[in-house]
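# Examination of the molecular architecture
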Amino acid sequence: MRRIVILVCALVVQFFTTNLWAEVTSTEITVRAKAKDAKFIGSSIGGAMVIIREADTGEILAKGLTQGSTGDTGKIMKTPRERYAPIAGGAAHFTAALDISEPVFLTVEVLAPYIKKQARVVAQTQTWLVPGKPISGEGLVVEIPGMVVDLLSPQTHLYTGLDKSPFEIRANVVMMCGCSLTDGGLWDGSKIEVTALVKRDGRKFATVPLKIQDTMNTFSAPFATDLPGVYEILVYAYDARTGNTGVDRSSFIVK
């Protein structure tokens, strides 16, 4: 009799467990992309592309851009943070509702800033999502290192003469969230090393430090040459305090 009772109990437990696991539950996961040493990546710089995959198979379960603001500067950059204290507020995010019947192991891939291809970084992490247990509030925050560098001058594939020397090398540099660099500002451009590495006909030719200008995000310096040739310019930005870097490159022809 005892064996029968044990068997019946086991069957009942199996029945309810099976039905519990079979129930599909819509469960939300919120993902945010935060620029290293800066704010959240949102609509003002085109957002971050979030791709959520089932880790074992690679199947895409959801994808979309983070949307919203970069967040509250005071909370993010100036206020000492206590454990569990939220900083995201209404900052940009992507939220997906996944229909799952059991815990699923996810790979979350973030491409940011999405519209700036030469500066775009791919960062990813992994997490479990349990049915009915959302990852909400601050959500899953993925850090995006780097800086966005746009080489503005000389223009790409510009043909010019030696009589135009010295030329201006000019670059625009911002944080990955689009936050601005100014002389002495919160993101202090005077403390960022911005340098142009110049090649002529494929060989190293000059190293030109660029200086922060009155116009925000702008770094520039003159570049003189008395030799014709094909010039390649690589401009990098580097913050020794954080290890943040960014690069852009271009070329022009001097006849």
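You'll find the structure just up there.
Note that residues are indexed from 1 along each chain, following the sequence as it is written. Per-residue local features are limited, in this predicted model, to residues with pLDDT of at least 70; the limit for side-chain atom pairs, both in listing and counting, is 80 or more; totals at the level of whole chains, interfaces and linings are taken over all residues. With hydrogens and water stripped out, all remaining heavy atoms of the structure feed into the side-chain values.

### A few points about the sheet that holds strand β11 (residues 193-200)
Cut-off, in case you're wondering: Strands pair, by our definition, only if DSSP identifies at least two bridges between them. Runs of E in the DSSP output that reach at least two residues are strands. Runs of H or I that reach at least four are helices, and both are numbered from the N terminus. Under this scheme, a helix contributes an axis fitted over its contacting stretch, all axes are lines through C-alpha atoms, and angles between N-to-C directions fall in the 0 to 180 degree range.
Judged by pairing direction, the sheet is mixed, and its eight strands sit side by side in the order β8-β10-β13-β12-β11-β14-β15-β9 without closing on themselves. In the strand order of this sheet, the two ends are held by β8 (147-153) and β9 (158-160), each with one partner. This sheet shows a mean twist of 30 degrees between the axes of neighbouring strands, independent of strand direction. The pairing of β11 with strand β14 (residues 229-239) spans eight bridges and is antiparallel. Considered in β14, the bridge of threonine 195 is made with tyrosine 236.

### What about the packing of aromatic side chains?
The cut-off we apply is this: Geometry of aromatic contacts follows a simple scheme: Phe, Tyr and Trp rings, the Trp one being its six-membered ring, pair when their centres are within 6.5 Å, and the pair is stacked under 30 degrees between planes, edge-to-face over 60, tilted otherwise. Categorising residues by exposure relies on relative accessible area from a 1.4 Å probe, with only protein chains included: less than 20% of the type maximum marks a residue as buried, more than 50% marks it as exposed, and the intermediate range marks it as partly exposed. Placement of a positive charge over a ring is assigned whenever Lys NZ or Arg CZ falls within 6 Å of the ring centre and within 35 degrees of the normal to the ring plane.
All chains considered together, the criterion is met by six aromatic pairs. With 5.8 Å between their ring centres and 70 degrees between their planes, phenylalanine 223 and tyrosine 231 make a pair best called edge-to-face. Relative accessible area serves as the criterion here: at 3%, phenylalanine 223 is assigned to the buried category. A connected cluster of aromatic rings, assembled from ring pairs, spans Phe167, Phe205, Phe223, Tyr231 and Phe252. Over the face of the ring belonging to tyrosine 114 we find arginine 120, whose NZ or CZ atom lies 4.6 Å from the ring centre.

### Digging into the nonpolar core
For clarity, the threshold we go by: For the purposes of this section, nonpolar cores are sets of buried Ala, Val, Leu, Ile, Met, Phe, Trp, Tyr and Cys residues that join through side-chain atoms within 4.5 Å. In this description, contact between two residues means that some pair of their heavy atoms is separated by no more than 4.5 Å.
Counting 58 residues, the largest nonpolar core has Ile29, Ile41, Ile52, Val110, Ile169, Leu210 and Val235 as its most contacted members. For this core, the element with the highest residue contribution is strand β10 (residues 167-175), accounting for six residues. In this structure isoleucine 52 touches Ile29, Val31, Glu59, Ile60, Leu61, Ala62, Phe94, Ala96, Leu98, Leu106, Thr107 and Val108, once residues within four positions along its chain are discounted. Judged by nonpolar contacts, the second largest core, of five residues, contains Phe40, Ile76, Ile87 and Ala91.

Functional significance is not addressed by these values, which are geometric in nature.
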